[in-house]
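As a plain string of letters, each chain reads:
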Amino acid sequence: MKDLIAKRYIKALAKTASEAELGEIAESLGKLAGAYKVAKFREIVESPYVEQKKKTEFVLENILDNDFNAKFANFIKILAEHKRLDLFEELYRELTSYLATLNKEYIAQLIVSESYDEVKLKEIQDKFSKKLGVNLLLKQQIVANAGIRLVVEDLGVEVSFSQEKFASDLRNHILKAF
């Protein structure tokens, strides 16, 4: 639910700000998303006893050290007015995703059972970037299952190969032949 709300706010923000301004806003939202992981910060932002104006001042002056543009200040004020100061992490994720879409840059997860060296990762990254027509940044994740899976979540692309599935399909094909 929070993701959908964050998406609407980012969509509205993207209509009013340039790409450079969105980059600066993403940086500031990154700081706020990091601060939101701190329990004290969450307590202040989510507290019903602290006025919205005080929360806004706290976020803009103490956390961001007055290092922001006017559009971002208004954005924070609107979030506070609608009691949405708990969306910093989701807003940051949505905005970075939106900026990546603008630049055709996407993060791909390579889920494998063993670690690959940098040369092999670069080769896989280049081939899939060329195939999909976008810039990919490949991140490796090592898990226990036997197989390989490449997931580009923002594009909705998933390519996988599993030894168990291959063996199962092969058995079924042989059994059907008889």
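Residues numbered from 1 in each chain as written. Predicted model: local features only at pLDDT ≥ 70, side-chain atom pairs only at ≥ 80, totals over all residues. Heavy atoms only, no water.

## Observations regarding helix H1 (residues 2-16)
Relative to the 21 Å expected for 15 residues at 1.5 Å per residue, H1 spans 22 Å between its end C-alpha atoms, a close match to the ideal helical length. Every buried residue of H1 is accounted for by Ile-5, Ala-6, Tyr-9, Ile-10, Leu-13 and Ala-14. In the core, the buried residues of H1 are packed alongside helix H2 (19-36), helix H5 (70-81) and helix H6 (88-103). (Helix = DSSP H or I, 4+ residues; strand = E, 2+ residues; numbered from the N terminus. Expected span 1.5 Å × (residues − 1). Buried < 20%, exposed > 50% of the residue type's maximum accessible area, 1.4 Å probe, protein only. Contact = heavy atoms within 4.5 Å.)

## Observations concerning the pairing of strand S3 (residues 147-152)
Examined bridge by bridge, strand S1 (residues 105-112) and S3 share 4 bridges and lie antiparallel to one another. Residue pairing for S3: Ile-111 is matched across the bridge by Arg-149. Here S3 pairs with strand S4 (residues 157-162) via 6 bridges, running antiparallel. Bridged to Val-152 within S4 is Val-157. (Pairing = 2+ DSSP bridges.)

## Brief notes about the packing of H2 against H6
Where H2 meets H6, the closest approach of the two axes is 8 Å, and the angle between their N-to-C directions is 150 degrees. Relative to H6, the element H2 is oriented roughly antiparallel. For the crossing formed where H2 meets H6, the hand is left-handed. Contacts from Glu-19, Leu-22, Gly-23, Ile-25, Ala-26, Leu-29, Gly-30, Leu-32, Ala-33 and Tyr-36 in H2 reach Phe-88, Glu-89, Leu-91, Tyr-92, Leu-95, Tyr-98, Leu-99, Leu-102 and Asn-103 in H6. (Axes fitted to C-alpha atoms, helices over the stretch in contact; angles between N-to-C directions. Parallel < 35°, antiparallel > 145°, perpendicular 65-115°, else oblique. Left-handed = near helix turned anticlockwise from the far one by under 90°.)

## Some thoughts on the layout of surface pockets
For the largest pocket, the calculated volume is near 610 Å³. If you trace the largest pocket, you find 17 residues lining it, with Arg-93, Thr-96, Ser-97, Ile-107 and Asp-154 closest to the centre. Among the elements of the structure, H6, S1 and strand S2 (135-142) are those that each provide at least two residues to the lining of the largest pocket. At 7 residues, H6 tops the list of elements feeding residues into the lining of the largest pocket. Of the residues that constitute the lining of the largest pocket, the class distribution is 6 nonpolar, 4 polar and 7 charged. There is about 150 Å³ of room inside the second largest pocket. Lining the second largest pocket are Tyr-9, Ala-12, Leu-13, Thr-16, Lys-71, Asn-74, Phe-75 and Ile-78. Among the secondary structure elements, those contributing two or more residues to the lining of the second largest pocket are H1 and H5. Here the lining of the second largest pocket is composed, by residue class, of 5 nonpolar, 2 polar and 1 charged. (1 Å grid on protein atoms, 1.4 Å probe; cavity = no way out; pocket = protein on both sides within 12 Å on 5 of 7 lines; lining within 4 Å. Points joined across faces, edges and corners; volume = space filled by probe spheres on them. Nonpolar A, V, L, I, M, F, W, Y, C, P; charged D, E, K, R; others polar.)

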